[in-house]
Amino acid sequence: MINRFNKYRYASPATFYHFAGRLIPWFYGAAALFCVAGLYIGLFLAPTDFQQSEAYRIIFIHVPAAWMSMFIYVVMACWAALGLAFNTRMSFMMASALAPTGAMLTFVSLWTGALWGKPTWGAWWVWDARLTSELILFFLYLGFMALQSAIDDPRRADRAGALIALVGVVNVPIIYFSVRWWNTLHQGASVSMTKAPSMASIMLVGMLVMALAAWMYTIAAALSRARCIILERERNAQWVAQMLEADA
Amino acid sequence: MNWNSWPEFFYMGGYALYVWGSFAVTAILVAGEIVMLRLHRKKALELALNTVKYGKVKNDENEA
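Note that the structure is predicted; figures quoted are calculated from it, not measured.

A. Representation of the overall build of chain B. Along its length, chain B carries two helices and zero strands. Within chain B, the proportion of its 64 residues that are buried is 25%.

Below you can see the structure in the form of structure tokens.
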């Protein structure tokens, strides 16, 4: 075999472009399936909550979105760090590809949180440590995107964005542990590795299935956006010309 | 199954505004992002095509 396994192969935008193109439909498909299953469990099978009645059903959107909002930021920071360390173009492109989806899910978690807070706490918003640090996360995503689009030279934009991503990542543990470190109106974690979850198992299953849907969707969206960014940045490369001429 | 009828389902025990407000806005944002991604792809393809047609195509960096 001439074409032996090479771990750097997927760091090449050309290889990545084709590989991602094949994966995207599968991730969208999985996202749709998990979403339908999760909504069915969450809206039809899960029982009414004895304290919050039906208002608690917001959890099936709120928790997966909030988890993803933090997780995407960490992944973004990892790509940024890899890019800075090894100067790989694809790493920076992946970081940029994740940011808009991360920002969207952060907004979803804030929005659904407000709609959940009003009936349960009596307020749309409070300046609680959890809510405030999540709002800061939203601004970090927006700052990352604004900074990148404000700098014309993509290499410099990448580096500046990577710096924001890396500095901002300290906010993620603050969000996660805020409910323990401070007295917050926001409740503590319902799901943890060390103790049994404090919710009915069918509710937990619904939430986890929705979280899987959010994962699959995020991967699909980030890969699609990465492909667009590759096309924009590599439009002068030979392989793009060959590919487009082959399609025409 | 928790619901006896569809109106009861949509009523959500009186929390319809909050529950459906959450689900609807999320659905709109996700659908919006998918539309934006399609437009982005169209624009990126056009840009690349124009570059191939009219711009200078440089050789692969590796070949230089």
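Moving on from the coordinates now.
B. Main features of the side chain of A:Thr218. Along the chain, A:Thr218 turns up in helix H7 (residues 201-233). Once residues within four sequence positions are removed from consideration, A:Thr218 is found in contact with A:Met68, A:Ile72, A:Leu98, A:Thr101 and A:Leu105.

C. Expanded view of the nonpolar core. Counting residues in hydrophobic clusters, the biggest one holds 55 residues, and the most contacted among them are A:Tyr56, A:Ile59, A:Phe60, A:Tyr73, A:Met76, A:Tyr141 and A:Met207. Residue assignment for this core shows that the elements contributing at least two residues are helix H1 (13-45), helix H2 (59-86), helix H3 (89-121), helix H4 (129-150), helix H5 (154-168), helix H6 (171-181) and H7 of chain A together with helix H2 (16-54) of chain B. Those residues within four positions of A:Tyr73 in sequence are excluded, and the remaining contacts are A:Leu137, A:Leu140, A:Tyr141, A:Ile164, A:Ala165, A:Gly168, A:Val169 and A:Val172.

D. Inspection of the packing of aromatic side chains at higher detail. Scanning all chains against the criterion turns up 24 aromatic pairs over all chains. Seen in terms of ring centroids, A:Tyr17 and A:Trp239 are 5.5 Å apart; in terms of plane orientation they differ by 55 degrees. Their pairing is tilted. One end of the pair, A:Tyr17, is in helix H1; the other, A:Trp239, is in helix H8 (residues 238-247), and 222 residues separate them in sequence. The same class applies to A:Tyr17 and to A:Trp239, which are both buried. Look at B:Tyr15 and B:Tyr18: their rings are 6.5 Å apart centre to centre, the planes differ by 50 degrees, and that puts the pair in the tilted class. Ring pairing ties together the aromatic residues A:Tyr40, A:Phe44, B:Trp3, B:Trp6, B:Phe9, B:Phe10, B:Trp20 and B:Phe23, which thus form one cluster. Between the NZ or CZ atom of A:Arg227 and the centre of the ring of A:Tyr17, over which it lies, the distance is 4.1 Å.

E. Structural view of the interface of chain A and chain B. The interface of chain A with chain B comprises 47 residues on the first partner and 38 residues on the second. For the pair chain A and chain B, the summed buried area comes to about 3,700 Å², and 69% of that belongs to carbon and sulfur atoms. Where chain A meets chain B, there are one salt bridge. The shortest N-O distance in the salt bridge between B:Glu33 and A:Arg225 comes to 2.6 Å. Where chain A meets chain B, there are eight residue pairs in polar contact (both at pLDDT 80 or more).

F. Looking closely at the environment of A:Thr101. With respect to the helices, strands and loops of the structure, A:Thr101 is situated in helix H3. Sequence spacing of A:Thr101 and A:Ala222 is 121 residues, and the spatial spacing of their C-alpha atoms is 7.2 Å. With residues up to four places along the chain from it excluded, the contact list for A:Thr101 reads A:Ile72, A:Tyr217, A:Thr218, A:Ala221, A:Arg225 and B:Glu33. A distance of 2.6 Å separates a polar atom in the side chain of A:Thr101 from a polar atom in the side chain of B:Glu33.

G. Quick peek at the confidence of the model for chain B. On average, residues of chain B score 86 in pLDDT, and 84% of them are at 70 or above. Contacts from residues 59-64 of chain B, a stretch scored under 50 in pLDDT, to residues over four places away or in other chains number six contacts.

H. Geometry of H5(A). Between its terminal C-alpha atoms H5(A) stretches 21 Å, which fits the 21 Å expected from 15 residues at 1.5 Å a residue. Next to the buried residues of H5(A) lie H2, H3, H4, H6 and H7 of chain A.

I. Region of interest: unusual backbone geometry. Residue and element names in this part refer to chain A. The backbone of Ser53 shows a phi angle near 55 degrees, a positive value even though the residue is not glycine. Within the secondary structure layout, Ser53 lies in the loop between H1 and H2. Take Ser53: its relative accessible area is 23%, and that puts it in the partly exposed class. Located in the positive-phi region is Asn87, a residue other than glycine, with phi close to 55 degrees. Tracing the sequence through the fold places Asn87 in the loop between H2 and H3. The class for Asn87 is partly exposed, based on a relative accessible area of 42%.

J. Representation of a nonpolar patch on the surface. Residue and element names in this part refer to chain A. Residues Ile174, Trp181 and Trp182 make up a contiguous nonpolar surface patch of about 330 Å² in total accessible area. Structurally, Trp182 is set in the loop between H6 and H7. Of the residues examined, Trp182 reaches a relative accessible area of 43% and is grouped as partly exposed.

K. A look at the side chain of A:Arg130. Residues and elements named next belong to chain A. Looking at where Arg130 falls in the secondary structure, it is placed in helix H4. One buried charged residue, Arg130, remains without a salt bridge, the closest side chain of opposite sign being Glu134 at 6.4 Å. A polar contact is formed between the side chain of Arg130 and the backbone oxygen of Tyr176, at a distance of 3.1 Å. Once you skip the residues sitting within four places of it in the chain, Arg130 turns out to touch Ile175, Tyr176, Ser178, Val179, Thr184 and His186.

Quick notes on the rules
In every chain, residue numbers begin from 1 and rise along the written sequence. Each chain is given a letter, starting from A, and each ligand a number, starting from 1, according to the order in which they appear as written. The predicted origin of the model limits local features to residues at a pLDDT of at least 70 and limits the giving and counting of side-chain atom pairs to 80 or more, whereas totals for whole chains, interfaces and linings rest on all residues. Only hydrogens and water are set aside; all other atoms, that is, all heavy atoms of the structure, feed into the side-chain values. Numbering of helices and strands runs from the N terminus, with a helix taken as a DSSP run of H or I at least four residues long and a strand as a DSSP run of E at least two residues long. Classification of residues uses two cut-offs on accessible area relative to the type maximum, computed with a 1.4 Å probe and protein chains only: under 20% is buried, over 50% is exposed, and between them is partly exposed. Contact criterion: two residues are considered in contact whenever any of their non-hydrogen atoms come within 4.5 Å of each other. In this description, a nonpolar core means a group of buried Ala, Val, Leu, Ile, Met, Phe, Trp, Tyr and Cys residues linked to one another through side-chain atoms lying within 4.5 Å. Aromatic rings from Phe, Tyr and Trp, taking only the six-membered ring of Trp, are treated as a pair when their centres fall within 6.5 Å; an angle between ring planes under 30 degrees marks them as stacked, one over 60 as edge-to-face, and anything in between as tilted. Throughout this description, the term charge over a ring refers to an Arg CZ or Lys NZ atom that lies within 6 Å of the ring centre and within 35 degrees of the ring normal. Note: buried area is the sum, over both parts, of the accessible area (probe 1.4 Å) each one loses when the two are combined. We define a salt bridge as a side-chain nitrogen of Lys or Arg found within 4 Å of a carboxyl oxygen belonging to Asp or Glu. The definition of a polar contact used here is a pair of N or O atoms within 3.5 Å, where within protein one atom must be able to donate a hydrogen and the other to accept one, and adjacent residues in sequence count solely through side-chain atom pairs. Every residue carries a pLDDT, the predictor's confidence in it, which falls somewhere between 0 and 100. Expected span, for any helix, means 1.5 Å times one less than how many residues it has. To count toward a patch, a residue needs a relative accessible area over 30% and no salt bridge; like charges are then connected within 9 Å, while nonpolar side chains (Val, Leu, Ile, Met, Phe, Trp, Tyr) are connected within 5 Å. Each accessible area is a Shrake-Rupley result for a 1.4 Å probe, and residues are judged covered by the shown protein chains and nothing else. His residues and chain termini do not enter the charge count, which takes Lys and Arg as positive and Asp and Glu as negative.

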